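For reference, the chains in residue letters:
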Amino acid sequence: MSKTTKTIVRTLNLSKIYRRGKVNIQALNNVNLQVSSGEIVGIMGPSGSGKTTLLNLIGGLDRPTSGKVFVDGVDITTLGESELADYRLRKVGFVFQFYNLIPTLTALENVEVPLALAGVSKNERRERALSLLRMVGLEARADHKPDELSGGEQQRVAIARALANNPSIVLADEPTGDLDSKSATALMNLIKELNRKNGQTFIIVTHDPIVTQACTTIYTMRDGRIESA
Amino acid sequence: MFTWSLAIRNLRRRKLRTALTASGIVVGISMMLILLSLVSGMETQVRSMVRALGGADITVSNSTSFRDRAGGFFGFLPSPSTLDASIVNVLSGIPGVYALSPQYSFSGSINGRRVTIYGIEPASYEIVTGGLNIIEGRFLTENSAGEIVIGKALMEFLDLTLGQTVSLSSGQIGAERTFKVIGVFETGMVFQEYAAYIALADAQEITGESGRITHVLIKCEDPSIVSEVSSLISSAVPGVRVATPTIMVQQATNMLNTLTMFFATIGLVALFAGSFGVVNTMMMAVTERTREIGVLKAIGAKSHDIMKLFLTEALLIGLIGGGVGVLAGSILAHVFPMLVPGMFATGISPFGMRNPFSRPGTTNPMLGGTTTQTFRLVLPAITPMNVAICFSLGALVGILAGLYPAWRASRMKPVEALRHV
Ligand SMILES: Nc1ncnc2c1ncn2[C@@H]1O[C@H](COP(=O)(O)OP(=O)(O)O)[C@@H](O)[C@H]1O
Ligand SMILES: [Mg+2]
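Residues numbered from 1 in each chain as written. Chains lettered and ligands numbered in written order. Predicted model: local features only at pLDDT ≥ 70, side-chain atom pairs only at ≥ 80, totals over all residues. Heavy atoms only, no water.

### Some words on the domain arrangement of chain A
Residues and elements named next belong to chain A.
Thinking step 1. Splitting chain A by domain gives domain 1 (1–91 + 167–229) and domain 2 (103–165).
Thinking step 2. When each unit is reduced to the centre of its C-alpha atoms, the spacing between domain 1 and domain 2 is 23 Å.
Thinking step 3. Across the boundary between the two partners, domain 1 contributes 12 residues, which contact 13 residues of domain 2.
Thinking step 4. Summing both sides of the interface, domain 1 and domain 2 together bury roughly 1,100 Å²; the carbon and sulfur share of this comes to 75%.
Thinking step 5. By the criterion of area lost to domain 2, the three top residues of domain 1 are Leu-89, Pro-167 and Leu-190, representing 38% of everything that side buries.
Thinking step 6. Our enumeration of links across domain 1 and domain 2 arrives at 2 residue pairs in polar contact (both at pLDDT 80 or more).
Thinking step 7. Looking at the side of domain 1 that touches domain 2, the elements with two or more residues in it are helix H2 (81–90) and helix H6 (181–198).
Thinking step 8. A per-element tally of the side of domain 1 that touches domain 2 places H6 first, with 5 residues.
Thinking step 9. Residue composition of the side of domain 1 that touches domain 2, grouped by class: 9 nonpolar, 2 polar and 1 charged. (Domains from an automatic or database assignment. Contact = heavy atoms within 4.5 Å. Buried area = accessible area lost by both parts, 1.4 Å probe. Polar contact = N/O pair within 3.5 Å; in protein donor to acceptor, adjacent residues only side chain to side chain. Helix = DSSP H or I, 4+ residues; strand = E, 2+ residues; numbered from the N terminus. Nonpolar A, V, L, I, M, F, W, Y, C, P; charged D, E, K, R; others polar.)

### A few points about the side chain of B:Lys297
Thinking step 1. One can find B:Lys297 in helix H10 (residues 290–298).
Thinking step 2. The side chain of B:Lys297 is buried and forms no salt bridge, while A:Glu81, the nearest opposite charge, is found at 5.8 Å.
Thinking step 3. Excluding anything up to four places from it in sequence, B:Lys297 contacts A:Arg88, B:Ser303, B:Ile306, B:Ser410, B:Arg411, B:Met412 and B:Pro414. (Buried < 20%, exposed > 50% of the residue type's maximum accessible area, 1.4 Å probe, protein only. Lys, Arg positive; Asp, Glu negative; His and termini not counted. Salt bridge = Lys/Arg side-chain N within 4 Å of Asp/Glu carboxyl O.)

### Concerning the pairing of strand E7 (residues 92–95) of chain A
All names here are of chain A.
Thinking step 1. Because side chains alternate across E7, one face comprises the buried residues Val-92 and Phe-94, and the other comprises Gly-93 and Val-95, equally buried.
Thinking step 2. One ladder, built from 4 bridges, connects E7 with strand E8 (residues 169–173); its direction is parallel. By the bridge assignment, Phe-94 is partnered in E8 with Leu-171. (Pairing = 2+ DSSP bridges.)

### Regarding the nonpolar core
Thinking step 1. Ranked by size, the top nonpolar core spans 85 residues in total, and within it A:Leu133, A:Val157, A:Ile159, A:Ile191, A:Ile204, B:Leu296 and B:Phe310 carry the most contacts.
Thinking step 2. Among residues more than four places away in sequence, those in contact with A:Val157 are A:Leu101, A:Ala107, A:Asn110, A:Val111, A:Leu133, A:Leu138 and A:Leu149.
Thinking step 3. In terms of nonpolar packing, the next biggest core, distinct from the first, is built from 42 residues, B:Ile150, B:Met155, B:Ile198 and B:Ile218 among them. (Core = buried A, V, L, I, M, F, W, Y, C linked by side-chain atoms within 4.5 Å.)

### Considerations on empty space enclosed by the protein
Thinking step 1. Under the defined criterion, the tally for this structure stands at 7 cavities of 30 Å³ or more.
Thinking step 2. Lining the largest cavity are 13 residues, and of these B:Asn10, B:Arg14, B:Arg17, B:Arg289 and B:Glu313 sit closest to its centre.
Thinking step 3. Where the lining of the largest cavity is concerned, the elements lending two or more residues are helix H1 (3–13), helix H2 (15–52), helix H9 (245–288) and helix H11 (303–339) of chain B.
Thinking step 4. Per-element tally for the lining of the largest cavity: the top contributor is H9(B), with 4 residues.
Thinking step 5. Of the residues contributing to the lining of the largest cavity, the split by class is 4 nonpolar, 3 polar and 6 charged.
Thinking step 6. Empty space within the second largest cavity amounts to approximately 60 Å³.
Thinking step 7. What lines the second largest cavity is simply A:Arg88, A:Leu89, A:Val92, A:Gly93, A:Phe94, A:Pro114, A:Arg161, A:Ala162, A:Ala164, A:Asn165, A:Pro167 and B:Ile299.
Thinking step 8. For the lining of the second largest cavity, the elements supplying multiple residues, two or more each, are H2, E7 and helix H5 (151–162) of chain A.
Thinking step 9. For the lining of the second largest cavity, the element with the highest residue contribution is E7(A), accounting for 3 residues.
Thinking step 10. When grouped by side-chain class, the residues that make up the lining of the second largest cavity number 8 nonpolar, 2 polar and 2 charged.
Thinking step 11. For the lining of the second largest cavity, the two domains that each supply at least three residues are domain 1 (1–91 + 167–229) and domain 2 (103–165) of chain A. (1 Å grid on protein atoms, 1.4 Å probe; cavity = no way out; pocket = protein on both sides within 12 Å on 5 of 7 lines; lining within 4 Å. Points joined across faces, edges and corners; volume = space filled by probe spheres on them.)

Okay, structure coming up:
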């Protein structure tokens, strides 16, 4: 398998300072990270080291105090609110530790949400959502609500949702953090398969060896800096 | 997006809270519907009053209400007391009187159907009242002996056509006379159309009361002096009842306005309070679903998508409140008048239409003096328009009350919303 060397994500002196009362917390301190297209990047590091903050900045969920984030050559820190929302809708997919499915919607409908937001017609999105659920092995659970699914199943639905608009980057924040090892292994096998088939880039924050085994590159963060490659 | 299904499901998930919040709107909306319906109902009646009373500013009749002249016959309906026709000369001398028209109205039967017959002088009648709305043929003239103008509804009821002859009797003596139908009038109020107009002389002849009249209709020189003229008449001419329909209509209108203000105030206060309930509930919903908002934003929802989501929910509460409010209001609008009968006690004409302003014992000149008087209530008119207005008002309150919470939801920062537990 030939690995592409095209850079998809690059951060430039990325810093984020949170102000908590009179105290400033430097969550990120001049982070320079480069991710090539098709990589599965693992980000490790102790709690509070800035992993989530980094992921949020790459995903356009938050704005840095200073520095830039280039995605496919575009500095997303200069985008307006609406453009940033579009970036999140089409370019990246998010997977959270606690799945964060919408509790009132079925598995199928949860997967349909990003498609609906993107303006895909009802029939088309139903079909696409079903094929995504088939891909994560949950076609039979399409009409179940999140509270009728196991944690592993919910996380697979979340993956399907993240992939709905065929993003080039999937950002996952401790996706196996709440899963048993069997579900975690299944999830990572799925991610590897998706990566191989679709060439999607994954950036995964994790402590889990099951995850790190699947990663092509691993970074460790400490005190808002990337320590080792 | 899944705006509607999400809104419906979220409201269903909190049925009790949704019901309580919507009931806040229900109170205001039902008040509003009662208000609008009562106003509509009374407006119809005031309008019919105005029509029924014609343009006469003042009507003068004998102060003795009824006089039973039926004699030995089996309890015929009482006939109105009469006045000597010479009273017209006396009244015309009163300052401020512009025109007068004598009238003899009685309960007669046309082809066996008992209706109110008005004997009038066509020329002065037209001057004083502005005349009838003739839809076919023509009105009476100075030479209209043996001619009759009949209401549209009565024409249809008796299956008559223009030019036919009808037989008319006063019911007192039993003598019948034939009249030729020369005109048809329409008022829009069916009960008013169960009536007929003939020449005054014919009326006096049929009833055997030549030289007598039941009413004098008066037009004043100016509408503003009606009450002065009427008190002048009362003091100058003994033994007469002086009624001022236009003033009565004015009073009715005033009462209507007071009532409108009363309900509008209550309704608005209730709606205002109800809208605070919606604001409160929606703020709660926004707080509860902060994380969901964060997730939606993270996966690409724009601010206006979030705004739409919560506005739809508030709108739904408003629609539920509006719908139930319309239902509750419709029921209450019928119950309410019974709670305050004094306000709505009215006379009823023989045809089931209520006249809110005639007290029992009063003879209304245009309805004839022989109507059976009973107490009835104003019927609120729940028109489709009123229902539409109230329903939309519910929706509007929902949307307005949802604006602030929805705006709060829409401008949440995704990261902060996601950190919310
Ligand atoms: N919204 C915030 N406000 C204030 N401090 C924050 C906020 N988010 C994160 N931090 C702080 O920034 C630091 C890095 O946090 P985070 O990126 O969540 O670390 P990690 O994901 O590695 O545990 C921590 O000290 C955390 O307390
Ligand atoms: Mg974290």
